[in-house]
Amino acid sequence: MTDQGIKSRPKYQRLALDPSGRHHLLLIDGPALSSEAADAGFDIAACETWIVIRRSAVPPEPILAEAPGAIRPFRSTAHLFSALQDRLARETMGLRIYAAGTEDFLWDIHGIADQAGMSRQELRFCHVGSKARRIFCVHCRTITAGVKTSIVACSGCGASLFVRDHFSRRLAAFMGVQVDAEAPGEVPDAEEIYA
Amino acid sequence: MIADGPIPLRVHDIESLSPSLKRFSLTALHGGELPTAAPGAHIMLTLRGPDRVMKNAYSLVSPAACRDRYQIIVRHVAQSRGGSAFLHQGIRPGDVIEAAPPVNLFPLSQSARKHLLIGGGIGITPLLSYLPLLKARGARFELHQISSAEDVGVFERLLAPFAPGQEIRIHGGGRGAFDLAGILSRQPLGTHLYVCGPRPLMDAAASTAAALGWPPGKVHKESFGEAAGGLPFKAILARRGIEIDVGETQTLLEAIEATGIAAPCLCRGGACGECRLPVIEGEVEHRDDFLSAEEKAAQSAVMTCVSRARSARLVIDF
Amino acid sequence: MTLQFKPNETFRSDFAYGKSDADLLRFPFPFPEDAYMYSVNIEPHVRGGPTAAFAHVFDIDEHYVAECRERALVLAEDPKRCQVLPHMEMAEWDTLELIMESLAADYPDHFSLTKAGDLWTWVNRPLGIQQSFTFGEAHTLPYGPFEYITRQAQGDFTLQDQRDDNLYVDGGMVTTQADWSLEFNIGMTFHEWHGPVPLAHEKGVFDRALKYLLRLQYGRPVRRLNWTITINPRLDTSPENYPVWGPDRTTVTSENVGEKVHLRVELQTLFRLPRSNAILFGIRCYLASVADLARVPKWRRRLHRVLRDLHPEIQAYKGLPRYRQMVLDHLAPFDDGAPTSPGIQSDLDAL
Ligand code: FES
């Protein structure tokens, strides 16, 4: 049930340093790299690391060095994303981005990197943390976030949406399709499967 | 556009650009518009010399908007007896030459944030076809042309129409004085590299880019593709007791069809599996995407649309 | 060649749609044999083929005017059915050039194109359009170049950018689709886009098809047929409107099955475009009811056999389970078990 065999669903791997890169930027949705996210030998000192501490009080004199080994804290993912846009506009070829976090975090980064002209060959993602999904209602285009169940009511049009494994990297969302479109009212029970 | 075989072209004029470079303008023999010439595309010319027929590929330098003629620039290397020498010495305005429709194996990236063009010598030709399009689109680009001292003038003249306000540089000191690594290391994210010129230059650019962390998808080397044909061989259709000569530029499938026998086929590109025939004897050079690695190793079948014999004879159960 | 158009046809509400005898005989019936499984069924798109639908670069038929009007209706309801990502601008002009030049050459009675340098004049007589514009300058057209020309063509189109040894669907005009969403899929790779198709991935079909298409050459287009089943002659079976057309599947009865159930065939063509090196993918949709198909002895026998023996996962993917048995019961009496000839041609000169 949690694998519908649809090939657009991303596959993730534990992070490993890409030796072909010239400089490495590691983005973590949290205060530190979890042990599930990377190989034991992952050389974090080779990366400049950005972390999300989820606190408004960042250190008064944050480390801003753009160098391997530096660790820079951000208040929130949105805070990190805005700095990332600015940073990528100044970067040169040879950069590799590594990211560890929820799917929302990863694919928002993908969108920013894509805007900056980076291709998938320059990105490495590992999904850790909540498996909750962002669902794009294919009928009304509303995105419903944090979905943990196989069927969910669309927050836009109210349709009972079946959560397909079909994933759009551009929308950073899975597809939701009305489950009872053919026979209105025939809605199976929702199961919690994306905890 | 569906190409209907080779395009007969008339040599309209020949312009001498330097002692060793000539520009040929070729127009459609029967009038009308030529297939759109893509930036980076080449045409394969069939050159009928006095003692042999040569097939040479040349990059088109005329812009895509120009549908009434194709232009190529040809360098004449002293002592060469190949197709380029023949074009320089044996071809006059008014002559007719046959060309295969244009093929593009060196296209411009549509999603690049910046284009870095590096040419070496006559390798400038495909870059010349890029420039009108890049200018028209207002695209960001940087061009470096490596040149011997004596050719600087001709490259300057060729690039002059595109030069105002652009990062175009001609390096007259040859490769030695050219800081490849310096240029590659300061390019912004999203840059694509295009390099055309002598093989050592293209290899050096690609390996330097890789060492500096450029991903393979953003490094483009000029290519005219693999030769489609190969050594001639004899195919024996065992059930029919027929022997067929498969020529250098012909596929096995085409050779069978030329005898009037209908052989199975569909995609004609090694993907569908339709043309598979069992092999009784001989060694196959597999070029398809259909057979598995084990099937290829077993040497028991051949996809006639793309694969050939490595041996002089191939006996097929057909 | 002069076509008689049927401008008052509709593909929704009252479904005022029908096929002339000639139109039925030119139908690109999708099954070359009595069984169906996914394969790389791609061949060169040459002029001519087993039915008249293969005679031209882009096929125009008696439904042209009505289909263009249906497209305009869908776009008025949902403008995002046509989208092109910004980097595909050259591919837009390539598409306009290819379609205009092909239609003008293949149907000179209906379309013409004249050029004075970059100043082009396009005449589309069936739709009553005359447009002068400057090639390469989008502001001289009422829509973007891709939207402009695909509003005047039958069938859906997508644009594939080629990069990193893959094809990305980076644009499209998609109003007559078999249940896939451009808004959701735009930007996807070849395998992601085909993600939901069962069985074919495991068979390596998409790996081989992708390699083949990456080598596709300008001037050497290719084609294939694909199919599904649609209830009513409805062109817009989009996921967006699934709540609108989904209930149709429950309306099939043993009395109306012949008229309601339609075989939906896509004549898919793929063209390498010159300036952009993109691939234009044409998805030309043809509809024929089971009752119409039953008028052709070969086709009714074969349709019965294919649907009877179809792999259950393909049945489910194509949405057949609710009514497949009714179609089989309807066709079974027509299938006398006689052998059928290989290939898709009708084997009839007239009905
Ligand atoms: S004809 Fe398709 S593999 Fe040879």
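Residues numbered from 1 in each chain as written. Chains lettered and ligands numbered in written order. Predicted model: local features only at pLDDT ≥ 70, side-chain atom pairs only at ≥ 80, totals over all residues. Heavy atoms only, no water.

Participant: Please clarify how the interface of chain B and chain A should be interpreted in this entry.
Facilitator: Contact with chain B, which involves 16 residues of that partner, is made by 18 residues of chain A. Regarding the contact of chain B and chain A, the summed buried area is about 1300 Å², with carbon and sulfur atoms giving 54% of it. Taken together, chain B and chain A are joined by one salt bridge. The tally of links between chain B and chain A comes to ten residue pairs in polar contact (both at pLDDT 80 or more). (Contact = heavy atoms within 4.5 Å. Buried area = accessible area lost by both parts, 1.4 Å probe. Salt bridge = Lys/Arg side-chain N within 4 Å of Asp/Glu carboxyl O. Polar contact = N/O pair within 3.5 Å; in protein donor to acceptor, adjacent residues only side chain to side chain.)

Participant: Quick question: what am I supposed to make of the pairing of strand S9 (residues 261-272) of chain C here?
Facilitator: Regular strands have side chains that alternate between both faces of the sheet. All names here are of chain C. Where burial is concerned, most of S9 is hidden: twelve out of the twelve residues are buried. Burial along S9 is two-sided: Val261, Leu263, Val265, Leu267, Thr269 and Phe271 facing one way and His262, Arg264, Glu266, Gln268, Leu270 and Arg272 facing the other are all buried. Where strand S8 (residues 222-231) lies against S9, ten bridges are found, and the strand directions are antiparallel. Looking at S9, one finds that Ile231 is bridged to Val261. Pairing between S9 and strand S10 (residues 279-289): eleven bridges, direction antiparallel. What sits directly across from Leu270, in S10, is Phe281. (Buried < 20%, exposed > 50% of the residue type's maximum accessible area, 1.4 Å probe, protein only. Helix = DSSP H or I, 4+ residues; strand = E, 2+ residues; numbered from the N terminus. Pairing = 2+ DSSP bridges.)

Participant: Quick question: what am I supposed to make of the interface of chain B and chain C here?
Facilitator: One frequent convention defines the size of an interface as the accessible area lost when the parts assemble. Across the contact, 27 residues belong to chain B and 31 residues belong to chain C. Interface area, chain B with chain C, both sides summed: about 2700 Å², of which 54% is carbon and sulfur. The tally of links from chain B across to chain C stands at five salt bridges. Glu101 of chain C is paired through a salt bridge with Arg67 of chain B; the nearest N and O atoms lie 3.0 Å apart. At the junction of chain B and chain C, the tally comes to twelve residue pairs in polar contact (both at pLDDT 80 or more). Taken together, the elements giving at least two residues each to the side of chain B that touches chain C come down to strand S7 (103-104) and helix H2 (124-137) of chain B. Taken together, the residues of the side of chain B that touches chain C sort by class into 16 nonpolar, six polar and five charged. (Nonpolar A, V, L, I, M, F, W, Y, C, P; charged D, E, K, R; others polar.)

Participant: So what exactly am I meant to see when it comes to the pattern of salt bridges here?
Facilitator: Summed over the entire model, instances satisfying the criterion amount to 72 salt bridges over all chains. Arg141 of chain A serves as the salt-bridge partner of Asp78 of chain C, at 3.0 Å between the closest nitrogen and oxygen. In this pair, Asp78 of chain C is assigned in the loop between helix H2 (64-77) and strand S2 (82-84) and Arg141 of chain A in the loop between strand S6 (133-137) and strand S7 (143-147), connecting two distinct chains. Using a relative accessible area of 25% as the deciding quantity, one classes Arg141 of chain A as partly exposed. One salt bridge connects Arg163 of chain C with Asp161 of chain C, and the closest N-O pair in it is separated by 2.7 Å. Residue Asp161 of chain C is classed as buried on the basis of its relative accessible area of 2%.

These results come straight from atomic positions and should not be treated as a statement about function.
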